[in-house]
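Below are the chains, spelled out letter by letter.
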Amino acid sequence: METVLEKVMETQCPFCSVQCKMQITEKAEAGRITYLVEPKQNAASEGRLCIKGMNAYQHALSGERITEPLMKKNGTFIPVSWEEAYQAIKENFSRLQQKFGNDAVGVYGGGSLTNETAYLLGKFARVALKTKYIDYNGRFCMSAAATAGNKAFGIDRGLTNPLSDVRQSECLILAGTNIAECQPTLMPYFTDAKANGAYIIVIDPRNTPTAEIADLHLKVKPGMDAALANGLLKVVIEEGFIDKSFLKKRTTGFDEVKAHISSLDLAAIAEITGVPEEDIREAGIRFGQAASGMILTARGVEQQTDGSMAVRNFINLLLTTGKIGKPGSGYGAVTGQANGQGGREHGQKADQLPGYRSIEKAEDRAYVAKVWGIDPDELPGKGVSAYEMMEKIHAREIRSLFLMASNPIVSNPNANFVEEGLRKLDFLVVADMLFSETARLADLILPTASYLENTGTLTNLEGRVLLREAAKPVPGLVKQDWKVLSDIAGLLGKGAYFSYKDAESIFDELRLASRGGLADYYGITYDRLKKEEGIYWPCPSPGHSGEKRLFESSFAHPGGKAELVPVPNHFPKEQTDNAYPLYLTTGRVLGHYLTGVQTHKSPTLEARQFESFIEIHPKTARGLNIQDDSLVKIRSKRGEIVVRSKLTAAIREDTVFVPMHWDGVQNINKLTSEELEPACKMPGFKVCAVSVSPLFT
Ligand SMILES: Nc1nc2c(c(=O)[nH]1)N[C@H]1C(S)=C(S)[C@@H](COP(=O)(O)OP(=O)(O)OC[C@H]3O[C@@H](n4cnc5c(=O)[nH]c(N)nc54)[C@H](O)[C@@H]3O)O[C@H]1N2
Ligand SMILES: Nc1nc2c(c(=O)[nH]1)N[C@H]1C(S)=C(S)[C@@H](COP(=O)(O)OP(=O)(O)OC[C@H]3O[C@@H](n4cnc5c(=O)[nH]c(N)nc54)[C@H](O)[C@@H]3O)O[C@H]1N2
Ligand code: SF4
Ligand SMILES: [Mo]
C-alpha cells in the first residue's frame, strides 16, 4: 500500500488587513499532491476565509517563484550566488554614494512586510545606507486617514474600536469602502448589525456588493465626499442632533465648524455632489438620531487630492454627534494590506521613526538613536513621499533604488512617467518572491520568502498584533527579507547594528524602540502572542491587556481634546471637458489583489477574472457607440489603455470604473494623475478625466 505523506501548515492569509488564520494540508498520494485549506478560528475573522485566502497557497507554492538571485547581464537575467549578488550591491551602492552623496540611494518598502521587516527597513535606510530617501506603498493606502487621525485625535489607529462594536452600532456610514470585496470575511459584522436593527448608509459612486446591504445608498460624484459630509453636518446641526456636553468637554473647534456650515446651502451641495437633497437629509437625520454610530472610510474617500480633509469632515460629523469612544460608536479607516497598520508605524515612512516617533523631533531622534546605539546626529532628516521619490528618480537625484514588496510601475499614478524614471536608474535592486513588471526592469533580483516561510508579526485593521509563524522551509536559495537586510548591512560594515538571530530578536528591539511612543508595542512579546489571540496596541507593559477601544475618556492630543476643523467643499482639479468627458474612478475586485502579481499566479483566481474591464453605464455607452463585452480605449492627458467593456447601470452615468490589478496595456495608472494631496501626499487615484471610445470602429 502506498504511504500518504501529509504536511500541515498553520498560517495567516498574506492578503488583506483582516489577517484570517488558516491551515493548509499538503497531501502526497499516488503521485499526486493536493491541498486542503481550512479556516482557523481567530478573533477578527471568526473562522471565516474568503476566496483569496482559500487560494493563497497557489502563488506561494507555484513553480513561478524566484528561487535564486538573478543578475541582469546583457539584458538577460542570469542566476548568481548570494555572494555575487551582495558584492554587486556593495560595489554599486558605495560607488554611487561616494560620487553623488548618501541620498543617491533610495529605499522603497511595502505594507505586506512584517512589523519586523518594516522596522528593519527603516533602520537599514538610516543606519546602514544613511539615506534620507525611504518611503513605501502605504503612502498610497493609509496616509490620508493617518494624517486625519493624527490631526483630529492625536493618534492614528485604523479602527478606534474593536470589530465586535460594529454589531452593537445603531447606524453605520460606510464611505468609499467596499468591504464585501475587499475584507469579505468582515461582512457578517455588518449583516448582523443590520439584523440587530442598524441603519446602514453607503457612500459610493457605484452599487457595489457592499452597497447591496445599505438602507440608503448615496451615489456620490467621485471626489465630492468632503462636500457631502458638509451636507450631512448641516442637517445634523440644523436638526439639533448635537452632543453639546461632549463637544464642550472633549473637543475644540466646533464653533468654527458651525459658522462654516451655516454659510453653506444644502441644495447647492446636492447639486455638486450629485446626491438628492432628500437623501442627504435622510442620512443626516438617521445618523443624528441613532444612539450609537460608526463611520468607516476607505480609499474611496481617502485617495483624493483632499483625502485627509474629507476624512476629517467625517470625523467632524462623529465628534459633533458625540459618537466616539463608546461601545458601538467610533471611527474606522479600513486598512488595506496585510500589515497596512503595523507597516505604517515603525519607520518606513519618510518622516517617521519606530513607534510613530518623528524624525524631526529632537527627543524622538535621541531616543531611537540610543536604542540603535548611534549618535542622533548620524540620523538623516526626513525624505519625501513615494511618488515624489519617483520624481527624484526621474530627475536623477536618486540613482539607485532598493525595492522590497512593491510593484511601483503598476501601483504609482502616472505610470508611464514612473516607468521612464525607473529605467534611468543606475542600479535597481528588487527583493520579491515573484516576477513583477517592476522586477523585470531590475539589475538585480533578490529572491525572498513568502508568508509561508517567514515568521513575523502583523497588525490587523483593528490595531491587533498577531504572530504568524513560518510554516515551511524556504524553497531553493530564498532568504527571509530581514535576513537579506541584515546581510547587506553587514557587508556595508554595519553588522554590529544588525546582528539578529531571528525575527523575535528584531521584535524585541522594536518593542524597545516603540516604547513610550504612540504605537507602543513594549508590552507585547512572542510568548504572549502565542498564548493570546492577538494584542491591541498601545500596550505599554507586559502586564497590560492592550487598548481595545480608544478615546473612552480622553484623546491623544496634549490636553486630551479632539479637534474639529472647517472643511471646504473641495473640487478635484481635473474636471471633465469636451476632450475628456467622463470621470474615471479605480479600485478592486474580489478575486485579485493589488497589482495582481500574486493572484494572477493562482489558476483558480485567474480563471474567475483573467482580464481587466471598464464599468460603464449603458446610456453612456450607447452615446459612445460602445457595445457590451467589446474592447475600448480609455484615454487621459497622461496616457491610454485598452480594456473590455462591462455595461452596467450600477455606476453613475458620468463615471467609469476600472480595477487596478493588471499591468501593461491594461495598467489603469497610465491614466491617473500625479497631483498629490498637500498634507499627506496621497495621489488622487479615485478621480481623473478620461475619454472612452471603441477600439475598433
Ligand atoms: N479583493 C481585494 N481586496 C483587497 C485589496 C485588493 O486589491 N483586492 N486590497 C487591499 C488594500 S491594500 C486596500 S487599500 C483595500 C481597499 O479597500 P477599498 O477602499 O474598500 O477598495 P477600493 O475598491 O479601492 O475603493 C472602495 C470603493 O470606493 C469607491 N469610490 C470611488 N471613488 C469614490 C469617491 O469619490 N467617493 C466615495 N465615497 N467612494 C468612491 C469605489 O467605487 C469602491 O467601491 O482593500 C484591501 N483588500
Ligand atoms: N489606480 C489605483 N492605484 C492604486 C490604488 C488604487 O486604488 N487605484 N491603490 C493603492 C494602494 S491602496 C496600494 S496598497 C498600492 C499597492 O501596490 P503595490 O505596492 O505595488 O503592491 P503589490 O501589488 O502588493 O506589490 C507587492 C509586490 O511585493 C511582493 N511581495 C508580497 N509580499 C512580500 C514580502 O513579504 N516580501 C517581499 N520582498 N515581497 C513581497 C509581491 O510579490 C509583489 O510583487 O497600490 C496603490 N495604487
Ligand atoms: S483576503 Fe482578507 S478576508 Fe480574504 S482570507 Fe485573506 S485576510 Fe481574510
Ligand atoms: Mo492599500
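The preceding data block contains the structure.
Below: a short report on this structure.

Reading the values: rules and limits
- Residues numbered from 1 in each chain as written.
- Chains lettered and ligands numbered in written order.
- Predicted model: local features only at pLDDT ≥ 70, side-chain atom pairs only at ≥ 80, totals over all residues.
- Heavy atoms only, no water.
- Helix = DSSP H or I, 4+ residues; strand = E, 2+ residues; numbered from the N terminus.
- Buried < 20%, exposed > 50% of the residue type's maximum accessible area, 1.4 Å probe, protein only.
- Expected span 1.5 Å × (residues − 1).
- Arc of directions from axis to C-beta.
- Near = heavy atom within 4 Å.
- 1 Å grid on protein atoms, 1.4 Å probe; cavity = no way out; pocket = protein on both sides within 12 Å on 5 of 7 lines; lining within 4 Å.
- Sits in = over half its atoms within 2 Å of the grid points.
- Nonpolar A, V, L, I, M, F, W, Y, C, P; charged D, E, K, R; others polar.
- Salt bridge = Lys/Arg side-chain N within 4 Å of Asp/Glu carboxyl O.
- Polar contact = N/O pair within 3.5 Å; in protein donor to acceptor, adjacent residues only side chain to side chain.
- Areas by Shrake-Rupley, 256 points an atom, 1.4 Å probe, with all protein chains shown as cover.
- Core = buried A, V, L, I, M, F, W, Y, C linked by side-chain atoms within 4.5 Å.
- Domains from an automatic or database assignment.
- Contact = heavy atoms within 4.5 Å.

A look at the side chain of Thr 335
Locating Thr 335 in the fold gives a position in the loop between β13 (330-333) and β14 (352-353). Taking the relative accessible area as the measure of exposure, Thr 335 reaches 0% and is therefore buried.

Thoughts on helix α3 (residues 82-100)
Taking 1.5 Å of rise per residue, 19 residues should cover 27 Å, and α3 covers 26 Å from first to last C-alpha, within 8% of that figure. Every buried residue belonging to α3 is among Trp 82, Ala 85, Tyr 86, Ala 88, Ile 89, Asn 92, Phe 93, Leu 96 and Gln 97, and all of these are buried. On an axial view of α3, the arc spanned by its buried residues comes to 155°, and they lie on one face. In α3, the exposed positions angled more than 90 degrees off the buried face are occupied by Glu 83, Glu 91, Gln 98 and Lys 99. Taken from the residues just after α3, Gly 101 is the one with a positive phi, measuring 95°.

Remarks on the site of ligand 3
In the vicinity of ligand 3, the contacting residues are Cys 13, Phe 15, Cys 16, Gln 19, Cys 20, Leu 49, Cys 50, Lys 52, Gly 53, Pro 184 and Thr 185. Cavity membership is defined here by more than half of the atoms lying within 2 Å of grid points; on that basis ligand 3 lies in the second largest cavity. Taken together, the residues that form the shell around ligand 3 break down as seven nonpolar, three polar and one charged.

Here's the deal with the pattern of salt bridges
If you walk through the whole model with that rule in mind, you get 40 salt bridges. Linking Glu 238 and Lys 234 is a salt bridge whose minimum nitrogen-to-oxygen distance equals 3.0 Å. In this pair, Glu 238 and Lys 234 are both assigned in helix α8 (residues 225-238), four residues apart and thus about one turn of the helix distant. Owing to a relative accessible area of 8%, Lys 234 belongs among the buried residues under this scheme. Ionic pairing is found between Asp 487 and Lys 479, a salt bridge with its closest N-O pair at 2.9 Å.

Observations regarding the site of ligand 1
Around ligand 1 there are 35 residues in total, and Asp 204, Asp 225, Arg 588, His 592 and Leu 594 lie nearest to it. In this structure, an oxygen atom belonging to ligand 1 sits 2.8 Å away from a side-chain N or O atom of Arg 206. Between ligand 1 and the protein, one listed contact pairs a nitrogen atom with a backbone N or O atom of Val 589 at 2.8 Å. Against a free-state accessible area of 910 Å², the protein chains account for coverage of 100% of ligand 1.

Some remarks on the nonpolar core
Side chains that are nonpolar tend, in soluble globular proteins, to be buried together. Ranked by internal contacts, the top residues of the largest apolar core, which has 116 residues, are Phe 124, Phe 153, Phe 402 and Leu 446. Looking at this core, the element that brings in the most residues is α8, giving nine residues. Three or more residues apiece are contributed to this core by two domains, here domain 1 (70-140 + 346-536) and domain 2 (143-334). With near-sequence residues (within four places) excluded, Phe 153 lies in contact with Ala 148, Thr 160, Ile 315, Leu 319, Ile 324, Tyr 331, Phe 551, Phe 555, Ala 556, His 557 and Ala 562.

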